[in-house]
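Read off the chains here:
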Amino acid sequence: IAQHRRFEVVVASLIFCNALVIGIQADWGIRNIGSQPPRWMTISQNVFTCLFTAELLLRVVDEGPSFASTFNKNLKWNLFDTIIVASALFEWIAESV
């Protein structure tokens, strides 16, 4: 399923939407320095974190051991995605504590 074209289109759409939301959040942050962000911003960030975590896990299950294999042509992207998702999860956990 993770190799299917529709899956790739959905993930690309999520990345685009996430970038749009990040831009809106950055603009809001500059205009409202020192203020707490609206609740929807935190919720959207958490939703995107969950969706990208699910996408990564789906690809790990789909590719199996080859996900981290040096023979995998997508190894660099897989590592990049893993680092991005791990940092988002770390930030979410750190903010919750």
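Note that the structure is predicted; figures quoted are calculated from it, not measured.

Rules and cut-offs
Residues numbered from 1 in each chain as written. Predicted model: local features only at pLDDT ≥ 70, side-chain atom pairs only at ≥ 80, totals over all residues. Heavy atoms only, no water. 1 Å grid on protein atoms, 1.4 Å probe; cavity = no way out; pocket = protein on both sides within 12 Å on 5 of 7 lines; lining within 4 Å. Points joined across faces, edges and corners; volume = space filled by probe spheres on them. Helix = DSSP H or I, 4+ residues; strand = E, 2+ residues; numbered from the N terminus. Nonpolar A, V, L, I, M, F, W, Y, C, P; charged D, E, K, R; others polar. Expected span 1.5 Å × (residues − 1). Buried < 20%, exposed > 50% of the residue type's maximum accessible area, 1.4 Å probe, protein only. Contact = heavy atoms within 4.5 Å. Polar contact = N/O pair within 3.5 Å; in protein donor to acceptor, adjacent residues only side chain to side chain. Salt bridge = Lys/Arg side-chain N within 4 Å of Asp/Glu carboxyl O. Phe/Tyr/Trp six-rings, centres within 6.5 Å; stacked < 30°, edge-to-face > 60°.

Asks: Run through the layout of surface pockets, naming residues and quoting values.
Replies: Gaps between atoms show up when a probe of the same size as a water molecule is rolled over them. When its volume is computed, the largest pocket comes out at roughly 880 Å³. Around the largest pocket sit 30 residues that line it, and Val11, Ile15, Phe52, Glu55 and Asp81 are the ones nearest its centre. Those elements that provide at least two residues to the lining of the largest pocket are helix H1 (5-31), helix H2 (39-63) and helix H3 (75-96). Per-element tally for the lining of the largest pocket: the top contributor is H1, with ten residues. Looking at the lining of the largest pocket, its residues break down into 15 nonpolar, eight polar and seven charged.

Asks: Go over H2 with me, naming the residues and quoting the values.
Replies: End to end, H2 covers 36 Å across 25 residues, agreeing with the expected 36 Å (1.5 Å per residue, within 8%). Buried within H2 are the following residues: Met41, Ser44, Asn46, Phe48, Thr49, Phe52, Thr53, Glu55, Leu56, Arg59 and Glu63. Buried residues along H2 sit against H1 and H3. One or two steps after H2, the chain reaches Gly64, where phi turns positive at roughly 60°.

Asks: Explain the side chain of Asn72 residue by residue, including any values.
Replies: The residue Asn72 is located in the loop between H2 and H3 in this model. A polar contact is formed between the side chain of Asn72 and the side chain of Glu63, at a distance of 2.7 Å. Of the polar contacts made by the side chain of Asn72, one reaches the backbone oxygen of Ser66; its length is 2.8 Å. With near-sequence residues (within four places) excluded, Asn72 lies in contact with Glu63, Ser66, Phe67 and Asn78.

Asks: Pulling in residues and values, what's your account of the pattern of salt bridges?
Replies: All told, the structure shown has four salt bridges when counted by the stated rule. The shortest N-O distance in the salt bridge between Arg5 and Glu8 comes to 3.8 Å. Within this pair, Arg5 and its partner Glu8 are both found in helix H1, separated by three residues, close to a single helical turn. One salt bridge connects Asp27 with Arg31, and the closest N-O pair in it is separated by 2.9 Å. Residue Asp27 and its partner Arg31 are located together in helix H1, separated by four residues, close to a single helical turn. Take Asp27: its relative accessible area is 37%, and that puts it in the partly exposed class. Overall, the relative accessible area of 64% leaves Arg31 in the exposed class. Sharing partners across several salt bridges, the network here consists of Glu55, Arg59 and Asp81.

Asks: Can you lay out the packing of aromatic side chains for me, pointing to particular residues and giving the numbers?
Replies: Scanning the model with the defined rule gives two aromatic pairs in all. Their ring planes at 20° and their centres at 6.2 Å tell us that Phe48 and Phe52 sit as a pair that is stacked. Here Phe52 and Phe48 lie together in helix H2, a separation of four residues that amounts to about one turn. By the burial criterion, Phe48 is buried, and Phe52 matches it. Where Trp77 meets Phe80, the ring centres are 5.8 Å apart and the plane angle is 85°; that geometry is what we call edge-to-face. A residue pair is termed a helical-turn pair when its members lie 3 or 4 positions apart in one helix, as Trp77 and Phe80 do in helix H3 at three residues. Classification of Trp77 as exposed rests on a relative accessible area of 57%.

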